[in-house]
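Spelled out from the first residue to the last, the chains are:
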Number of protein chains: 2
Amino acid sequence: MKTAFLSISLLAGLPAMAQTSQPPAEDFKPSTLNQPGRQYPQVNSERRVRARVVAPQAQSVTLDFLGGAKYPMTRGEDGAWTVVTRPQDEGFHYYQIVIDGAGVPDPGTRYFYGGSRWGSGLEIPAHDQDFYALQNVPHGQLRQVHYYSKSAGANLRCFVYTPPDYEKDLTKRYPVLYLQHGGGEDETGWGSQGNAGLIMDNLIAAGKARPFLIVMANSYVPGAFGPGRGPAAAGSTNAPLAGATNAPAGGRGPGGRMFDFSAFSKVLLDDLIPFVDATFRTLPDQPNRAMAGLSMGGMQTRSITLAHLDKFSHIGVFSGGSIAVSNITDLAAFKEKVKLVFVSYGSRELGSDLANRGGDPRANTEALKAAGINAHFYVSPDTGHEWQSWRRSLYQFAPLLFIEPNR
Amino acid sequence: MKTAFLSISLLAGLPAMAQTSQPPAEDFKPSTLNQPGRQYPQVNSERRVRARVVAPQAQSVTLDFLGGAKYPMTRGEDGAWTVVTRPQDEGFHYYQIVIDGAGVPDPGTRYFYGGSRWGSGLEIPAHDQDFYALQNVPHGQLRQVHYYSKSAGANLRCFVYTPPDYEKDLTKRYPVLYLQHGGGEDETGWGSQGNAGLIMDNLIAAGKARPFLIVMANSYVPGAFGPGRGPAAAGSTNAPLAGATNAPAGGRGPGGRMFDFSAFSKVLLDDLIPFVDATFRTLPDQPNRAMAGLSMGGMQTRSITLAHLDKFSHIGVFSGGSIAVSNITDLAAFKEKVKLVFVSYGSRELGSDLANRGGDPRANTEALKAAGINAHFYVSPDTGHEWQSWRRSLYQFAPLLFIEPNR
């Protein structure tokens, strides 16, 4: 997810170089996202990655962080190609292996959807990783749910997180957060690499967040895009970065690719929300409904919530722009209806042209506060346009939801 | 999942050859398991697969059905390697691409766990595919659930299918089927490539099966295997077929690999069943609890249910052996407690030494019937040791569960 922010990563001292001049610390351990029993890729205490792929007849093998640095790998006498990278940011990273020109998943890892492809991911241990770790606390459930969308004319899939006590008191009803993925991702992202369920389990166990449902849907609506306009263009097999990929879209991305959010808005408002309210024990009113999203999902959140203040009371925009006072047509109505505006970025994103489109996000958020709106601005330290920023954003955002602002 | 049955497949007229002599029918369509927008692999009306991988600098590229046929691919002038296979069995198949000696997933497909690795799968349309297709009927939910296992000392994951009406009448309680994967697979198999949820949704919508819960756990218990004895041996990175793979185990497989089912039996009986009965609205007694499994999971089912007739009343063994009258120590007690024994195989498996270990499964099952036991034997037409046999087995088995035998 770093495509748009590569230049910022470079400024931040993470150039794309094949090898380090110092020998790496020899405390490498398998990434926690590896397949059962697989020893590679590994990560050491310096946050360097050691990758290893057996390809005895290959001429060239490269480790390729999607939209980021590429590291040529070196063949050993055993036919295995290896490399040690520069230190990486804490958290989750998409990558692939390029073997003689073929971009393929690393067979050592589990697979994640991002960059418009299912492919490899690895995890750099973080100083604050406990908040999204599997702890011995009561756990909610992550449910795969099919719903019929009249506007799409199709059975669509979403995931619903239900909190640990959802099955205990069957008379209790819950608020709902609609939480969206980014460009080139899908409805699996938040529950998988986003660790949304574990973040909520840990917050709830610590008494830091009110239990609520999280609904994660796919904003790429089937049939809503012309040929070559879906999440991956037709014919893009073996070209994981072709198509929409990670460029923040909505008419703002550097790729200039225009996304029309109206198809998803219709699915969300006409089909998904009514389905969720009919299927789950929700509190089905505006004060108990939130929307948030990352990158493109943040832009969708801004666009959809501002147009439907009668539907949503809490708004979260993670690495996807901000809300300026000038975006609000009726400030008095907004103040009455919107109980929270939360805007966040990774620290490495701040100051970029992209983050500042529509105005500096911190300044915009401060102006909302000055106008009397319950607005929060959060910066994830030492991260860019990547999942660690968004895990942390959810961790900061969730405790602010569905409570009295000044509690 | 064909490792042990390759010889049978060969007899059945599916030799491993690179190309066909007749030109294939040019009605290829993308496999339904492809990643969004990906055009390859494709399948035609003759059940042939056309694979395509872009690897411009590669020297050699092979399509490799795990444990089955391998097809050398041919380089085109565009740098893309292609091949058309012989007709494949209807249903789901695991495969990988070998690029210059590196066994990797095909970047065109979604990924599935089997053969002790996450990797590619493809789907050959079947004449009877409606029973496991996503239809416009009420859908249940597939829930990812974490439970603490005291005997394993770890938080473990399982999946639970809840039927469509589970959220409607909150006073209703349900029977439970514990449904196990095969060797080299995990708790994701039945809900993903097994289509268990869709099979139940369709059966329930047609009034053919009573609604019940299905619990799918991982029988590879962490810490229960010594070094190199887990589902994938340590150090087997990039060797997807190393380790346990698909050989039916439990002391019966040709690989001679011994599995000890006691660790899983303890997790199931001491931790998982009590957790499920405490968490879901179950009917928590022996008459309302079934166990079934495929291949190694069938052997576990046989072993665990025969030793715990006080816990299970319905038994399903899919491609995993059978139950002989001589296996039953107290026939009178068995007849009183066991309401159903269901045994199934793919037609291509029948007659093999492996299927006949412990006696011919059909003869064994007929003998159970003769002894007054409600026993059923099912043969999946024109399939081997593969998921199409097991999807069909579940479809035949589920209607027999938790009803009066002679209804």
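Not measured: the values here are computed from a predicted model. (Residues numbered from 1 in each chain as written. Chains lettered and ligands numbered in written order. Predicted model: local features only at pLDDT ≥ 70, side-chain atom pairs only at ≥ 80, totals over all residues. Heavy atoms only, no water.)

The subject of this paragraph is helix H8 (residues 387-397) of chain A. Within H8(A), nine of the 11 residues are buried, which leaves the element mostly enclosed by the surrounding structure. For H8(A), every residue scored as buried is listed here: Trp387(A), Gln388(A), Ser389(A), Trp390(A), Arg391(A), Arg392(A), Ser393(A), Leu394(A) and Phe397(A). (Buried < 20%, exposed > 50% of the residue type's maximum accessible area, 1.4 Å probe, protein only. Helix = DSSP H or I, 4+ residues; strand = E, 2+ residues; numbered from the N terminus.)

Looking now at the relation of the copies chain A and chain B. Taken as rigid bodies, chain A and chain B are interconverted by a rotation of 180° and an axial shift of 0.0 Å, the fit giving an RMSD of 0.0 Å. The operation mapping one copy onto its partner corresponds to a two-fold rotation axis. Across chain A, the smallest distance between a C-alpha and the rotation axis is recorded for Arg143(A), namely 2.1 Å. Same-surface contact between copies: 100% of interface residues of chain A are shared with the interface of chain B. (Least-squares fit on C-alpha atoms with pLDDT ≥ 70 in both. Contact = heavy atoms within 4.5 Å.)

Neighbouring strands of a sheet are bound in pairs by backbone hydrogen bonds; such pairs are parallel or else antiparallel. All names here are of chain B. If you walk across this open sheet you meet the five strands as S1-S2-S3-S7-S6, and the pairing is antiparallel. The open sheet has two edge strands with one neighbour each: strand S1 (29-30) and strand S6 (74-75). As defined by bridge partners, strand S2 (residues 42-43) adjoins strand S3 (residues 49-54) across two bridges and the pair is classed as antiparallel. Pairing of glutamine 42 across the sheet is with arginine 50, part of S3. (Pairing = 2+ DSSP bridges.)

Moving on to the sheet that holds strand S2 (residues 42-43) of chain A. Residue and element names in this part refer to chain A. In spatial order, the strands read S1-S2-S3-S7-S6; together these five strands make up an open sheet with antiparallel pairing. Looking at the sheet topology across the chains shown, the edges are occupied by strand S1 (29-30) and strand S6 (74-75). Relative to strand S7 (residues 80-84), strand S3 (residues 49-54) runs antiparallel, the two sharing five bridges. Within S7, the position partnered with valine 54 by the bridge is alanine 80.

Next up on the list: the pattern of salt bridges. The tally for this structure, following the rule as stated, stands at 30 salt bridges over all chains. Among the salt bridges present, the one from Arg392(A) reaches Asp128(A), with a minimum N-O distance of 2.7 Å. Pair noted here: Arg392(A) is in helix H8 and Asp128(A) is in the loop between strand S11 (117-124) and strand S12 (141-149), with a separation of 264 residues, a long-range link. Residue class for Asp128(A) comes out buried when judged on its relative accessible area of 18%. A single network of salt bridges, built from pairs that share partners, joins Arg143(A), Glu167(A), Arg143(B) and Glu167(B). (Salt bridge = Lys/Arg side-chain N within 4 Å of Asp/Glu carboxyl O.)

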